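# Structure at a glance
Letter by letter, the chains look like this.
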Amino acid sequence: MSRVAKGLSLVAGGAFSAGREHSRLPSGLGERWSTRAPSSPTLSELFAASPRDSGWAGFLLPQIDTSKPVLWVQDRMAILESGRIYPPGLGGIDLIHVEARDARAALWAMEEGVRCAALSAVIGEVYGDPAALDFTATRRLAVASERSNVPCWLVRLGGTANLRGARMRWRIGSAP
């Protein structure tokens, strides 16, 4: 077992209620997107308006294919700042939740997960701007996602948008 793998723990898994059907998702610009944006799987970054704002989940979850399990990775600070996910509230997603000790371990788990074609998506929540989250790490995620055809979503809680390897970036906040 590698040093990074020791910092991970499996928290939840299993199937939940039947999936919901979402046909369209508004982009905010008067356009309507299908639930599969972007069109080909790649790395996308979502920036939450604040660490405790979970509006990004309403954007992200309808875009995920629920026919296969989803890997959801949270680093320790993301859990402390925004809380753990509540699997029964996700409705129809077969979930594998991983708690990572830090951003480096979270990125490692995401990269391993995105290479697995048995997953429908990989979601990673990282708090702040850790040193491990550099251009090289995000570029590796993007390339692995495109090669394996598994979409990867990097949710940034309290981070700043700077040079990364993500193909798409979204800044999302909840409406009042």
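Since we're looking at a predicted model, the values are computed, not measured.

As a further point, take the side chain of glutamine 74. Residue position: glutamine 74 is located in strand S5 (residues 70–75). Assessed through its relative accessible area of 0%, glutamine 74 is described here as buried. At 2.7 Å, the side chain of glutamine 74 and the side chain of histidine 97 are in polar contact. Among the polar contacts listed, one links the side chain of glutamine 74 to the side chain of glutamate 125, at a separation of 2.9 Å. In this view, glutamine 74 contacts Ile79, Gly83, Arg84, Ile85, His97, Val98, Glu99, Ala100 and Glu125; residues no more than four positions away in its chain are not counted.

Now for the packing of helix H3 (residues 103–114) against helix H4 (residues 135–148). Two numbers describe how H3 lies on H4: the axes approach to 9 Å, and their chain directions differ by 15 degrees. In terms of orientation, H3 lies roughly parallel with respect to H4. Judged by the twist between their axes, the crossing of H3 over H4 is left-handed. Contacts between H3 and H4 involve Leu107, Met110, Glu111 and Val114 on the former and, on the latter, Ala137, Arg140, Leu141, Ala144, Ser145 and Ser148.

In globular proteins that are soluble, nonpolar side chains generally tend to be buried together. Residues Leu43, Val73, Met110, Val114, Val122, Leu141 and Cys152 are the most contacted members of the largest nonpolar core, which totals 24 residues. Looking at this core, the elements that each hand over two or more residues are S5, strand S6 (95–100), H3, strand S7 (121–127), H4 and strand S8 (152–157). Sort the elements by how many residues they give to this core and H3 lands first, with seven residues. Formed by 22 residues, the second largest nonpolar core is a distinct cluster that contains Leu46, Val70, Ala78 and Trp170.

In this structure the tally under the stated criterion is three aromatic pairs. Look at phenylalanine 59 and tryptophan 153: their rings are 6.3 Å apart centre to centre, the planes differ by 80 degrees, and that puts the pair in the edge-to-face class. Highlighted residues: phenylalanine 59 in helix H1 (residues 55–60) and tryptophan 153 in strand S8, separated in sequence by 94 residues. Each member of the pair, phenylalanine 59 as well as tryptophan 153, carries the same accessibility label: buried. Connected via pairs of aromatic rings, a cluster forms that spans Phe59, Trp153 and Trp170.

Let's shift gears to the confidence of the model for the chain. When pLDDT is averaged across the chain, the result is 78; 77% of the residues are at 70 or more. When the criterion is pLDDT under 50, residues 1–37 qualifies, and its contacts beyond four places in sequence or with other chains add up to 72 contacts.

A few words now on the pairing of S7. Extensive coverage of S7 is indicated by the burial of six of its seven residues. Where S5 lies against S7, five bridges are found, and the strand directions are parallel. When the bridges of S7 are listed, tryptophan 72 appears paired with isoleucine 123. Running through H4, the crossover from S7 to the neighbouring parallel element S8 is right-handed.

Once that is clear, we can look at the side chain of aspartate 75. Note that aspartate 75 resides in strand S5. Summary of buried charges: aspartate 75 has no salt-bridge partner, and the nearest side chain of opposite charge, arginine 76, is 7.9 Å away. Polar side-chain contacts of aspartate 75 include one of 2.8 Å to the backbone nitrogen of alanine 78. Excluding residues within four positions of it along the chain, aspartate 75 makes contact with Ala100, Asp102, Ala103, Ala106, Glu125, Val126 and Tyr127.

Rules behind the numbers
Residues numbered from 1 in each chain as written. Predicted model: local features only at pLDDT ≥ 70, side-chain atom pairs only at ≥ 80, totals over all residues. Heavy atoms only, no water. Helix = DSSP H or I, 4+ residues; strand = E, 2+ residues; numbered from the N terminus. Buried < 20%, exposed > 50% of the residue type's maximum accessible area, 1.4 Å probe, protein only. Polar contact = N/O pair within 3.5 Å; in protein donor to acceptor, adjacent residues only side chain to side chain. Contact = heavy atoms within 4.5 Å. Axes fitted to C-alpha atoms, helices over the stretch in contact; angles between N-to-C directions. Parallel < 35°, antiparallel > 145°, perpendicular 65-115°, else oblique. Left-handed = near helix turned anticlockwise from the far one by under 90°. Core = buried A, V, L, I, M, F, W, Y, C linked by side-chain atoms within 4.5 Å. Phe/Tyr/Trp six-rings, centres within 6.5 Å; stacked < 30°, edge-to-face > 60°. pLDDT = per-residue confidence, 0-100. Pairing = 2+ DSSP bridges. Right-handed = clockwise from strand over helix to strand, strands pointing away. Lys, Arg positive; Asp, Glu negative; His and termini not counted. Salt bridge = Lys/Arg side-chain N within 4 Å of Asp/Glu carboxyl O.

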